[in-house]
Amino acid sequence: MKIYKDVPREQWKEILLRPYADNAPLLESVKQLMEAVRTGGDAALFALTEKFDGAKLTALEVSEAELAAAESWLDAGLKSAIRAAAGNIESFHRVQLSPPVPIETVQGIHCWRKSVGIEKVGIYVPGGSAPLFSTVLMLGIPAALAGCKDIVLCTPCSPGGDVHPAILFAARLVGIKRIFKIGGAQAVAAMAYGTETVPAVYKIFGPGNQYVTAAKQLVQMEGLSIDMPAGPSEVCIWADETADPRFVAADLLSQAEHGPDSQVLLVSRSEELVKAVVEEVTRQLGLLPRKAIAGRAMENSRAIVAGDDEEALDLVNAYAAEHLIISCKEAETLAERVVNAGSVFIGNYTPESLGDYASGTNHTLPTNGFARAYSGVSVDSFVKTITFQKASFQGLKNISGTVVAMAEAEGLKAHAEAVRIRLS
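What comes next is a walk through the structure. (Residues numbered from 1 in each chain as written. Predicted model: local features only at pLDDT ≥ 70, side-chain atom pairs only at ≥ 80, totals over all residues. Heavy atoms only, no water.)

## Considerations on the sheet that holds strand E3 (residues 109–117)
Whenever strands of a sheet pair, they do so through backbone hydrogen bonds, lying parallel or antiparallel. As summarised here, the arrangement of the three strands in space is E2-E3-E14, forming an open sheet in which the pairing is antiparallel. The open sheet has two edge strands with one neighbour each: strand E2 (103–106) and strand E14 (383–391). Here the average twist between neighbouring strands, direction ignored, is 30°. The pairing of E2 with E3 spans three bridges and is antiparallel. Bridge pairing links Glu 104 to His 110 in E3. The strands touched by helix H15 (residues 393–409) within the sheet are E2, E3 and E14, with E3 carrying the most contacts at an inclination of about 105°. (Pairing = 2+ DSSP bridges. Helix = DSSP H or I, 4+ residues; strand = E, 2+ residues; numbered from the N terminus. Axes fitted to C-alpha atoms, helices over the stretch in contact; angles between N-to-C directions. Contact = heavy atoms within 4.5 Å.)

Laid out in structure tokens, this is it:
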């Protein structure tokens, strides 16, 4: 890790900057691929799946028989873990449902707001070197709670045409019935435009590589809604001298193993802790199966020695991490002062892994500094709100003066007449 100390505030922006990659050539490549799906439909999907995944499919959709068989392919321990995680995620998200609350703004005028599930949503689940079946739970459960009628899931298949059984098991568990063996940008295109087999959706969710991210950016520019802007996964750890260097190093590496472009940042007022963590990272890295990937991510990692807690807090809020771990003596008190973060993990015994899998909170979170303005996925992400109002004759009379005065001041006489004609 590169260690910074006594950094002037005017240099923070440069040090906290995420690595920039010019994705213009990538966007052009993805644009062509998506146009192929738009015009070629299923035929293009079959060809692209063979090209990129090495699978020569006869059907794009996972069959009921494949869904049923997935349960028998998994060991009982993993199935039990998935069910337990699903229960925790469901419990956390269920309380986010809110019934309409009518209010009488003026005597005789009643207003309320109702949440309605987005009818058609698409979920993308990566299935390469790390099949993220946990993402099926994180997106499928709030979608079901929100009342989304049609939920479509796309995920890559193996060269043999199989989808990872844990993805299928999790999908069946949360009630997703339509699953397609489509990966990459072509999956986003299929859900955005629709094909002979894949239905078009109104909003697309889910993480993915740079091609998936580029495809989501492109369809958003065309007017289709997506969950949030996405970038490489990241963690910021704020630790003081009371933190255990072994724990901190393990947390840094757990994020780094996601991919070589993962972002890792350590903030501490203790230079001794930073040095101990660096030593631990070196020791633990050698024990990881994905050490090559994690090692590349750690090459771009940074540690900042802050002067005190106030400076550390300012650094943390300036970075706006996707995941923020606070391993400090007064962690809970400090957490209350965090204003920019996707999800916060408080104390020495709350690793980021809990939120990734089973604590109940959602792991689909804003990256790349978007936590300054975006929230993580929740039930709210799968609903739209519709406002309602109802006026009695007396209510219209009570509010008429206000409406007429404002309409005429704006030069919109017909608006005023729509009120007057009812009163006359």
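## Details of the nonpolar core
The biggest cluster of nonpolar side chains holds 73 residues, and the ones touching the most others in it are Val 136, Leu 137, Leu 153, Ile 176, Ile 182 and Phe 382. In terms of residue count, the dominant contributor to this core is helix H5 (residues 133–146) (nine residues). If sequence neighbours within four positions are ignored, Ile 176 has contacts with Ile 123, Val 136, Gly 140, Ile 151, Leu 153 and Ala 171. Ranked by size, the runner-up nonpolar core spans 25 residues in total, among them Ile 15, Leu 265, Val 267 and Ile 304. (Core = buried A, V, L, I, M, F, W, Y, C linked by side-chain atoms within 4.5 Å. Buried < 20%, exposed > 50% of the residue type's maximum accessible area, 1.4 Å probe, protein only.)

## A look at the sheet that holds strand E1 (residues 2–5)
Overall, parallel pairing links the six strands, which are arranged E1-E11-E10-E9-E12-E13 in an open sheet. Each edge of the sheet is formed by a strand with only one pairing partner; in this case those strands are E1 and strand E13 (341–346). This sheet shows a mean twist of 20° between the axes of neighbouring strands, independent of strand direction. Taken together, the five bridges between strand E12 (residues 321–327) and E13 define a ladder with parallel strand orientation. By the bridge assignment, Ile 325 is partnered in E13 with Phe 345. On the sheet, helix H12 (residues 309–319) packs against strand E9 (234–239), strand E10 (263–268), strand E11 (302–305) and E12 and is oriented at approximately 170° with respect to E9.

These figures capture arrangement, not role.
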